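Letter by letter, the chains look like this.
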Amino acid sequence: MTAEAKLRVEGLSLDFGNDERGLRVLANVNLDLKRGEFCTIVGPSGCGKSTLLNLIAGLMPPTGGQCYLDGKPIKPGMPSIGYMFQSDTLLPWNTALENVRLPLEAVGRKDEGLCLDLLKRVGVGDFADAYPWQLSGGMKKRVQLARLLAQQPEVLLMDEPFGALDAQTKLLIQEELLRLWEKSGLTVLFVTHDLSEAISLSDRVLLFSARPGHVKEEYEVPLARPRNIEAIVQDPQYNDLFVRLWRSLKEEIQLS
Amino acid sequence: MNIILNIYRVLLLAVLLAIWEGAASLGLVTEFTMSRPSRIFAWLGGALVDGFFWMNILVTVRETLLGLLIGAVLGILSGFALAQWRGAFRLLEPFIMALYSLPRVALAPLFLVWFGIGEGSKVALAASLVYFVLLLNTYTGIREIDRNLVNAVRTMGASRGFIARRVLLPSSLTFIFAGLRISIGLALIGTIVGEMIAGQYGLGQMIARAGNMFDTAQVFGIIIVLAILAVLASEGMKLLERWVMRWRPTTETH
């Protein structure tokens, strides 16, 4: 089990301040993600879900513990770990295509038509020369998705990437993500507070406790792949899982 | 729309000049202290066909632009460096603020000693005024940047240099240009004050001499030329800004 983990988080903890008034954000978080697994973390606000992704990506050092990619310790700024932020992180002074090209240029790779291809694949090929302010919220997310794939990562960290979108746009882009992921073999760690999003996208849902955050419960999603969102929401297993998750999450929210 | 606005502007100017001229003719203001538009324009008419006046304009423009350029480049580089090394900024902050708040024209006598009576001391004075504005604006611009923008590019495996070039610089350009717009006026102040204190050439030196001779018409004439130079420089800066930041929404106006 441990040998085959694509992404491994071992005993990760984080404290802010080191006196007794210090804040313990994460307490001994352990995760193993199999290659090609889509795993979602849900939990009450402020439980350290986003912080966990920042630690895995190496954007800040943990107080204790270590993260591994294919058994090797993760170093900050590894292109094989892609990160999609909750906020819009397209560079406003670059066009959609230039933004998608950014991860290639960052490591000195040449773009031989890959970036425009990716933009077309996520359905915004006609907007390659548009600046971010000219794009709608959903289109911006699509461009960010294309940029994430252009980086050619093996693991995706996604921090409530679709949180700010309206309900319909969100459903469309979730389907898009499923379609792209199913063909890619990517390992995904996805953070959300939206239970139906968690169930419809992932293989496994991890429920985080109130602060200090750690994995409280783990649920396998028994839905077949490939999935389509309309069918999923009518599935009794979906409803059953939704109710179980919500009951458990509610306890944590009331604690926090 | 703009044409109509400009017509009104010209009309407003004409009315003010007419009132001034009329007041001088009726003896409501003393011509000795206030001069009058007809005399000012008569002096300007003569000066503009005179090589000496043009040479002085050229000296002042050269000193101002050179001071602006040197002050801006050094200020932007320092702002960048201090934003990268926060510890250095914290160490230097009181000194920077002291120098920034100091009326730098008080440094003019020192600059005369250090850089000579020629153009060097004027350029140095202009640059010293521009430097701190650009330093603080660039520093603030980089501090105010959206951290997630930097983090997103960091996770791509980008180097610090790449992030500085592709994220920090473009993002701080709004602040840098705000500083540059103020700096045109500051550079002119530095140059003119420097010329007035000591030297041979430049519009500041001409104003000082005309003032000593109570030639108010000439003083006003040179002030008009300075105003035109300042407007031209500001418009040039606006064009440069619009070109450099052409990615911005076209509806945005300043």
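Residues numbered from 1 in each chain as written. Chains lettered and ligands numbered in written order. Predicted model: local features only at pLDDT ≥ 70, side-chain atom pairs only at ≥ 80, totals over all residues. Heavy atoms only, no water.

1. Description of the nonpolar core
(1) Moving on: If you look at the biggest cluster of nonpolar residues, it comprises 40 residues, and the most contacted ones within it are Ile96(B), Leu134(B), Val153(B), Ile163(B), Val167(B), Leu168(B) and Leu180(B).
(2) Moving on: Of all the secondary structure elements, the ones that give two or more residues to this core are helix H2 (96-106) of chain A together with helix H4 (51-84), helix H5 (86-101), helix H7 (119-143), helix H8 (147-154) and helix H9 (160-197) of chain B.
(3) Moving on: With residues near it in sequence (within four places) discarded, Leu134(B) still touches Ala72(B), Gly75(B), Ile76(B), Ile176(B), Gly179(B), Leu180(B) and Ser183(B).
(4) Moving on: In terms of nonpolar packing, the next biggest core, distinct from the first, is built from 36 residues, Leu90(A), Ala96(A), Val100(A) and Leu119(A) among them. (Core = buried A, V, L, I, M, F, W, Y, C linked by side-chain atoms within 4.5 Å. Buried < 20%, exposed > 50% of the residue type's maximum accessible area, 1.4 Å probe, protein only. Helix = DSSP H or I, 4+ residues; strand = E, 2+ residues; numbered from the N terminus. Contact = heavy atoms within 4.5 Å.)

2. As for the pattern of salt bridges
(1) Moving on: In total, this model carries 26 salt bridges over all chains according to the counting rule given.
(2) Moving on: A salt bridge links Lys216(A) to Glu251(A); its shortest N-O distance comes to 3.6 Å. In this pair, Lys216(A) sits in strand S10 (residues 215-220) while Glu251(A) sits in helix H8 (residues 236-255), placing the two residues 35 residues apart along the sequence.
(3) Moving on: In this structure Lys216(A) comes out as partly exposed when scored by relative accessible area, which is 27%.
(4) Moving on: By relative accessible area, Glu251(A) is classed as partly exposed at 49%.
(5) Moving on: Taking the shortest distance from any N to any O, the salt bridge between Lys238(B) and Glu235(B) comes out at 3.3 Å. Placement of the pair is Lys238(B) and Glu235(B) together in helix H11 (residues 216-244), with a separation of three residues, close to one helical turn.
(6) Moving on: Lys238(B) sits in the partly exposed class, given a relative accessible area of 36%.
(7) Moving on: Look at Glu235(B) and you get partly exposed, because its relative accessible area is 40%.
(8) Moving on: A network of salt bridges, in which partner residues are shared, links Lys6(A), Arg35(A), Asp70(A) and Glu154(A). (Salt bridge = Lys/Arg side-chain N within 4 Å of Asp/Glu carboxyl O.)

3. Digging into the sheet that holds strand S8 (residues 187-191) of chain A
Residues and elements named next belong to chain A.
(1) Moving on: As summarised here, the arrangement of the six strands in space is S6-S7-S8-S3-S9-S10, forming an open sheet in which the pairing is mixed. The sheet is open, and its two edges are formed by strand S6 (81-84) and S10, each paired on a single side. This sheet shows a mean twist of 15° between the axes of neighbouring strands, independent of strand direction.
(2) Moving on: Direction of pairing for S6 relative to strand S7 (residues 155-159): parallel, over a ladder of four bridges. Within S7, the position partnered with Tyr83 by the bridge is Leu157.
(3) Moving on: Helix H4 (residues 137-150) rests against S6 and S7 of the sheet, and its axis sits at about 170° to S6.
(4) Moving on: Docked against the sheet, H8 engages strand S3 (38-42), strand S9 (204-208) and S10, running at close to 175° with respect to S10. (Pairing = 2+ DSSP bridges. Axes fitted to C-alpha atoms, helices over the stretch in contact; angles between N-to-C directions.)

4. Overview of the interface of chain A and chain B
(1) Moving on: On the chain B side, the residues contacting the 27 residues of chain A number 20 residues.
(2) Moving on: With both sides pooled, the region where chain A packs onto chain B buries about 2,000 Å², and carbon together with sulfur makes up 67% of that total.
(3) Moving on: When the buried area of chain A at its contact with chain B is split by residue, Leu59(A), Trp93(A) and Trp133(A) rank highest and sum to 32% of it.
(4) Moving on: Where chain A meets chain B, there are one salt bridge.
(5) Moving on: At the surface where chain A touches chain B, the tally comes to six residue pairs in polar contact (both at pLDDT 80 or more).
(6) Moving on: Secondary-structure elements contributing two or more residues to the side of chain A that touches chain B are S6 and H2 of chain A.
(7) Moving on: Looking at which element gives the most residues to the side of chain A that touches chain B, the answer is H2(A), with five residues.
(8) Moving on: Residue composition of the side of chain A that touches chain B, by class: 17 nonpolar, six polar and four charged. (Buried area = accessible area lost by both parts, 1.4 Å probe. Polar contact = N/O pair within 3.5 Å; in protein donor to acceptor, adjacent residues only side chain to side chain. Nonpolar A, V, L, I, M, F, W, Y, C, P; charged D, E, K, R; others polar.)

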